[in-house]
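# Observations on the model geometry
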Amino acid sequence: MSYVRLDGLPRTPRWTPAQAVTYALGEVGSPDKDYFRMCDHFAGAWVWGYGGSGYTSAIAHWHAVPASFRHPGNGDPPAGALLFWEIGEYGHAALAVAPGQAASTDIRRKGKVDLVPIGEVHRRWGAVYLGWTAPYLTAAWGRNPHEPRAVPRPAVHLASVVDAARKDPAAPQGSAAHRAEVRIVERALAAEGLLAARWVDGSFGSRTVDAYSGWQHRCGLTGSPAQHGSAADGIPGRTTLARLGAKHGFDVA
């Protein structure tokens, strides 16, 4: 299952898309509150760790999202995407949680959350599907007080990715030793547009070294991968790795 990308957003949500989806699914069985007519509060704030979306309605939220983050009419949203419909004065919003599935308030039970096919919103209510957006939450405020429900952020050990960055470029293909942690870093670099998706493979090879050097340059460092020991040599340091994690939802151990 692929999750919505956060690159380019002016504000990174408090919780990751994986956390938002996990929280939303938890609300199906054991909701925190009555969500009657609070669809945008649910999908555009609560599941992301905020206390409110900052918008007066779902339709207002849709129109506030810049065109670069909107996907009009697209019926194949990634998990964590915000879904919008036009209906009545206020519209409707829900959260994509799996291929073809949405967590929606009020759809089957008043004030509750149910997991339904995306097309059910139109079939039940006649709502016009507008499309999906990345979690554009610049107006969101406060905090969801039930933070323990969210899944833990993944952790990347600095020593592991440094070891990988020094050994993987010269290692035989398929012999990378820290794949899980390296893949987390590579996904973040890909979200930054620094690494092609096909190289998100868990090996901190030369392309990942080059990509990380690009991230170091964005952090204000200088040098190049050819200059071993330079500030921007593609070998992760605690400061730049922590900045990458803060932006893309992982901690540094």
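Before reading further, recall that the structure is shown in the block above.
With that settled, consider unusual backbone geometry. The phi torsion at R37 lies on the positive side, around 55°, for a residue other than glycine. With respect to the helices and strands, the residue R37 is situated in the loop between α1 (17-29) and α2 (39-43). Even without glycine at this site, D106 takes up a positive phi of about 65°. Of note, D106 is situated in the loop between β4 (101-105) and β5 (113-117).

To continue, consider the nonpolar core. The tendency in soluble globular proteins is for nonpolar side chains to be buried side by side. The biggest cluster of nonpolar side chains holds 28 residues, and the ones touching the most others in it are A24, F42, V47, W48, F84 and L95. Only α1, α2, α3 (58-64), β2 (82-86) and β3 (92-98) provide two or more residues apiece to this core. The contacts of F42, once residues within four sequence positions are left out, are A24, E27, Y35, V47, A103, T105 and V113. Counting residues in hydrophobic clusters, the runner-up holds 22 residues, among them L158, A164, F204 and L244.

Glancing now at the pattern of salt bridges. Taken as a whole, this structure holds 7 salt bridges when the rule is applied. Put simply, E120 and R124 hold a salt bridge, and the shortest N to O gap is 2.5 Å. Remark: R124 and E120 occur in helix α4 (residues 120-125); sequence separation between them is 4 residues, near one turn of the helix. Accessibility expressed as a relative area gives 48% for R124, which makes it partly exposed. Residue D163 is joined to K167 by a salt bridge in which the shortest nitrogen-to-oxygen separation is 3.0 Å. With D163 and K167 both in helix α5 (residues 158-167) and 4 residues apart, this pair spans about one turn of that helix.

Next up on the list: helix α6 (residues 179-191). With 13 residues, α6 should reach 18 Å at 1.5 Å per residue; the first-to-last C-alpha distance of 18 Å fits that figure. All of the buried residues along α6 are E181, V182, I184, V185, E186, A188, L189, A190 and A191. Just past α6, the residue G193 takes up positive phi, approximately 80°.

The next subject is the pairing of β4. For β4, the tally of buried residues reaches 4 of 5 residues, placing the bulk of the element in the interior. Inspection of the sheet shows β3 paired to β4 by 3 bridges, in the antiparallel sense. Bridging from a neighbouring strand, L95 pairs with A103 of β4. Relative to β5, β4 is paired through 5 bridges, and the arrangement is antiparallel. Paired with A102 across the strands is V116, a residue of β5.

What counts, and at which threshold
Within any chain, residue numbers begin from 1 and follow the written order of that chain's sequence. Local features in a predicted model are, by the rule used here, given only for residues with pLDDT of at least 70; side-chain atom pairs are given and counted only at 80 or more, and totals for whole chains, interfaces and linings are based on all residues. With hydrogens and water stripped out, all remaining heavy atoms of the structure feed into the side-chain values. Numbering of helices and strands runs from the N terminus, with a helix taken as a DSSP run of H or I at least four residues long and a strand as a DSSP run of E at least two residues long. For our purposes a nonpolar core is just a set of buried Ala, Val, Leu, Ile, Met, Phe, Trp, Tyr and Cys residues, chained together by side-chain atoms within 4.5 Å. In this scheme, a residue with accessible area under 20% of its type's maximum is buried, one over 50% is exposed, and one in between is partly exposed, where area comes from a 1.4 Å probe on protein chains only. The contact definition used throughout considers only heavy atoms, calling two residues in contact when any of these lie within 4.5 Å. Salt bridges, as used here, are contacts in which a Lys or Arg side-chain nitrogen is within 4 Å of a carboxyl oxygen on Asp or Glu. Here a helix's expected span is defined as the number of its residues, less one, multiplied by 1.5 Å. DSSP-based pairing: two strands are paired if at least 2 bridges between them are found.

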